[in-house]
Amino acid sequence: MSTDQSNVADETTEPTGAGGVTEPAVARTEGSADSAPTAGGARADSEPASNAKLDTEPGKRPGTGPGAKPETETEREEQPDTDPADTPGTAPDQTRGKAADGATTEAAAPVDRVTSSDPEKKNDETADEKKKKEDDGKPDEKKDDTKAESDKPGSDKPESGKSDKPDDPFTSFAPAPEVVPGRLRRISRGTGRRLVHEWTLAGLGGLALAVLMTWPTLRYPKHTLPQDYWDPTLQAWQVAWSGHILLTKPAQLWQSNSFFPENWTFAFSDTLLGYAPAGMIGHGPEAAILRYNILFVLAHALAVVGAYALVRQLGSGRIGAAVAGVGFAYAPWLLSQAGHLHVISNGGIPLALAMLARGHGWSMRHGYRPERRRSGWAFAGWLVAAWQLSLGFGIGLVFAYVLGLIAAVVLLSWLVRRIIRRPRQPFGFRMMLADFWGGAIFAATGALLAIPYFKVAEQHPYARRSADEVHNYSPPPGGFLTAPTESLLWGDLHERVRDGLPGLPETTLLPGYALLALAIAGLFFSIWTVRQRLLLLVALLASAVLTMGSRFFGGTFTYLPLFEHAPGWDALRTPGRLMIWTSLLLGILAAGSVGAFAERARQISAVERVPPRPGPFLRLVTLLPLLLVLVEGLNATPHPVVPRQPAAMRVSNGPILVLPSDQKTDQHVMLWSTSRFQDIVNGGSGFTPRRLEEVRQVTANFPDSASIAYLRELGVRTVVVLRDRIAGTPLQTTIDLPVDTLGISREDVGETVVYRL
């Protein structure tokens, strides 16, 4: 034993009894700890660790050598097995242990003793040595012992990383954790959310409303057509031809099987080319009629949804947008256009405008919001606009001019803001690309569709419309208040007024009295600002003036300059069809007044109901404008049965001439040719080629030698005469004459007579 250690031992021990065994000079109480805080709060082990070492022999525990008082069993059980320095919240230099009764005694000497019930426990380490080990990254064996002890069953020490706070008793009242749904449940929930989405409901509602408002179109869809069976049969043939030829010989699209042997015959009228995918399904006259009736109903549904989407994008509520959609699709004046599918198919106009506005983040109520820009929506809007243009230039040409005007106004406003140095509004490179490519597709579609029409105008210059023809189809001011015959509510009441109008049915242009009243109210009470209302009024008056054609002060400064100088306008002979734009503007104004009324209803109910929702009575009142507009759109449109296809049209080879030939009969012949699409001399369109007029004159007395020689030179090989249509014509007397001397054959096939040349 070293000298220093001997001195320490001499200072801290004293003899006891005869045995010469020494014991610590600390006053010990049975069951007490080795050391405890002093009464003054100072620690007994606050002395330096070098002075607190106890003389021990190697391999022996402190207090077990000669002269040491042996520990009792009680003391051995009550002393902890771990170092208090490893316990959180305890300093390394604190002494260890607690008495069983919780009492402590003051330390008489700065002795730091570590006792353990394990005789093989290694010697005590001072706090400085443990600190040094921790700094050097060495593992602490006593910490491992502490962790092992805490893992024992019944241990009171908390597990590492877990809070020692007691559990909150109120967690028993919390809702049970939500069970994570499986894949099928997630799919069903997603499907349910989409089924109740606003646009899903709008689409389904628009479709159901179209079926009801156009009834009985789908009652006998394979045998009847709405309004008449003249122009609808022509348009049914157009859809069938485009689908057929694109599947077989796409390069021959514009060289149709009608008007043989003319060229570019598919461009003799609006083509409805956008419906070509529908024409690829089915074949024959019955399929063509069914296809036409389905498209007729879908066109009304698209018009409702398109106008609804546009007005919603502009900032109106649902009721106001519904009024605008119904007023646009079921305006009474459109009932007179039931036989013109290319006029009824106008829903792409508001839909494209809605998508373009949404893509550019613009609305009337909120203006331009860059954070709401969506380049995909803008590009899709251009595609819808191109599709609308492909349905025909009758209404598509004006739509193209309107889009060009909107683009010019936007560009001009941007230049003005740049000149006056206002804060620049972001546009975005992706949006620029979407507009560039979308506009290029729209322009390319128009250019490609225009080429055949320029060819037709070059080959048939007499097909150009005249100012006198435009004047005949220009409605007077009274036409805006006159309903067509097909109106269930106003048709009979306006019969006398209609008799005084020219160019029927193109001049009966009643948009609906309810829609007019709501639009007028929208000028004074509306969700739109005063400036916006004034701009809408100016646009409304401009469209009405153009709709009147040459009836507004001769059209000298309105319609006629466009007709004479603007490209494409010389092909528009019916200014009244510009009523599409007048109806759309009236719908926007009406939506403003209905929206303001609905907001007022919510304000009234806010005082009485929480949340502020209108009560049942107020809800019915807000629906009243919609019901009034719907009632005015009810129709009394006839649905005649289409003449059946003659059996000879299913077996005869072309080229074929069907007699007698006139505008209306030839349209039926075009429909009958959809079984085989053989070449036919017959044809009906917006104008009659001079060669066809010549054929009709030469074959008036068929069969004779002159007509047979003419037809052979033309290339015709078969002539079909319809017995049920020759009454009052020279064919009534020549159809039964012998043909032995003419070098042709004659055969009766059903109700027809077939001549083979």
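Scroll up for the structure.
Since we're looking at a predicted model, the values are computed, not measured.

**Here's the deal with the overall build of the chain**
Alright, step 1. Within the chain, the secondary structure is distributed over 27 helices and eight strands.
Alright, step 2. Across the 757 residues that make up the chain, the buried fraction comes to 44%.
Alright, step 3. In the chain, the share of contacts with a sequence separation of at least 24, taken over all contacts with a separation of at least 6, comes to 75%.
Alright, step 4. Carbon and sulfur atoms provide 59% of the accessible area of the chain, an area that totals close to 40200 Å².

**Some points on the packing of aromatic side chains**
Alright, step 1. Under the defined criterion, the tally for this structure stands at 23 aromatic pairs.
Alright, step 2. Here the aromatic rings of Trp490 and Tyr513 are separated by 5.1 Å at their centres, their planes lie at 85 degrees, and the arrangement is edge-to-face. Taken together, the residues span a long stretch of sequence, with Trp490 in the loop between helix 16 (467–472) and helix 17 (495–499) and Tyr513 in helix 18 (residues 513–522) at a distance of 23 residues.
Alright, step 3. Ring plane angle 25 degrees and centroid distance 6.4 Å describe the contact between Tyr559 and Phe563, whose orientation is recorded as stacked. Linking Tyr559 with Phe563, this pair stays in helix 20 (residues 559–565), spanning four residues, or about one helical turn.
Alright, step 4. Since its relative accessible area comes to 1%, Tyr559 is described here as buried.
Alright, step 5. Looking at Arg358, its charged tip hangs above the ring of Trp377, at a distance of 5.1 Å from the centre.

**Comments concerning helix 6 (residues 198–213)**
Alright, step 1. End to end, helix 6 covers 22 Å across 16 residues, agreeing with the expected 22 Å (1.5 Å per residue, within 8%).
Alright, step 2. Buried within helix 6 we find Glu198, Ala202, Gly206, Leu209, Ala210 and Met213. One face of helix 6 carries all of its buried residues, which in axial projection span an arc of 105 degrees. Along helix 6, exposed side chains directed more than 90 degrees from the buried face belong to Leu204 and Leu212.
Alright, step 3. Among the structural elements, helix 9 (285–314), helix 10 (318–329) and helix 22 (616–632) are those in contact with the buried residues of helix 6.

**Quick word on the pairing of strand 5 (residues 656–659)**
Residues in a regular strand point their side chains to alternate faces of the sheet.
Alright, step 1. The alternating pattern of strand 5 places Ile656 and Val658 and Leu657 and Leu659 on opposite faces, both of which are buried.
Alright, step 2. Sheet topology note: the strand 5/strand 6 (residues 718–722) ladder contains four bridges and is parallel. Its bridge partner being in strand 6, Val658 is matched across the sheet by Val720.

**Description of the pairing of strand 6**
Alright, step 1. Within strand 6, five of the five residues are buried, leaving the element largely enclosed by the surrounding structure.
Alright, step 2. Alternating positions in strand 6 separate into two faces, Thr718, Val720 and Leu722 on one and Val719 and Val721 on the other, with burial throughout.
Alright, step 3. Sheet analysis places strand 6 next to strand 8 (residues 752–756), joined by five bridges and oriented antiparallel. Looking at the pairing, Val719 lines up with Tyr755 of strand 8.

**So, a nonpolar patch on the surface**
Alright, step 1. The grouping of Phe427, Phe429, Met432, Leu433, Phe436 and Trp437 at the surface amounts to a nonpolar patch, some 680 Å² of accessible area in total.
Alright, step 2. Within the element layout of this structure, Phe429 appears in helix 15 (residues 429–459).
Alright, step 3. A relative accessible area of 60% places Phe429 in the exposed class.

**Focus on the nonpolar core**
Alright, step 1. Ranked by size, the top nonpolar core spans 148 residues in total, and within it Phe702, Val719 and Tyr755 carry the most contacts.
Alright, step 2. With 16 residues, helix 9 is the single largest residue contributor to this core.
Alright, step 3. Beyond its immediate stretch of four places on either side in the chain, Val719 contacts Leu657, Leu659, Phe702, Leu711, Val753, Val754, Tyr755 and Leu757.

**Considering the environment of Thr622**
Alright, step 1. In this structure, Thr622 sits in helix 22.
Alright, step 2. Discounting residues that sit within four places of it in the chain, Thr622 has contacts with Ile319, Phe597, Ala598 and Ala601.

**Considering unusual backbone geometry**
Trans peptide bonds make up the majority, and among non-glycine residues the majority have a negative phi.
Alright, step 1. Of note, the amide linkage connecting Gly654 to Pro655 takes the cis form, showing an omega dihedral of 0 degrees.
Alright, step 2. You can see Pro655 is positioned in the loop between helix 23 (648–651) and strand 5.
Alright, step 3. Cis geometry is found at the peptide bond from Phe702 to Pro703, where omega equals 0 degrees.
Alright, step 4. Its place among the elements puts Pro703 in the loop between helix 25 (690–698) and helix 26 (705–714).
Alright, step 5. Although it is not a glycine, Leu272 sits at a positive phi angle of roughly 55 degrees.

**Details of the sheet that holds strand 6**
Alright, step 1. Taken in spatial order, the four strands line up as 5-6-8-7 in an open sheet, and their pairing is mixed. Looking along the sheet, the strands with just one partner apiece sit at the ends: strand 5 and strand 7 (745–749). Neighbouring strand axes in the sheet, compared pairwise and without regard to direction, differ in orientation by 20 degrees on average.
Alright, step 2. Pairing analysis gives five bridges linking strand 7 to strand 8, with the strands arranged antiparallel. Its bridge partner being in strand 8, Glu747 is matched across the sheet by Val754.

About the criteria used
- Residues numbered from 1 in each chain as written.
- Predicted model: local features only at pLDDT ≥ 70, side-chain atom pairs only at ≥ 80, totals over all residues.
- Heavy atoms only, no water.
- Helix = DSSP H or I, 4+ residues; strand = E, 2+ residues; numbered from the N terminus.
- Buried < 20%, exposed > 50% of the residue type's maximum accessible area, 1.4 Å probe, protein only.
- Contact = heavy atoms within 4.5 Å.
- Areas by Shrake-Rupley, 256 points an atom, 1.4 Å probe, with all protein chains shown as cover.
- Phe/Tyr/Trp six-rings, centres within 6.5 Å; stacked < 30°, edge-to-face > 60°.
- Lys NZ or Arg CZ within 6 Å of the ring centre and 35° of its normal.
- Expected span 1.5 Å × (residues − 1).
- Arc of directions from axis to C-beta.
- Pairing = 2+ DSSP bridges.
- Patch = residues over 30% accessible without salt bridge, like charges linked within 9 Å, V, L, I, M, F, W, Y side chains within 5 Å.
- Salt bridge = Lys/Arg side-chain N within 4 Å of Asp/Glu carboxyl O.
- Core = buried A, V, L, I, M, F, W, Y, C linked by side-chain atoms within 4.5 Å.
- Axes fitted to C-alpha atoms, helices over the stretch in contact; angles between N-to-C directions.

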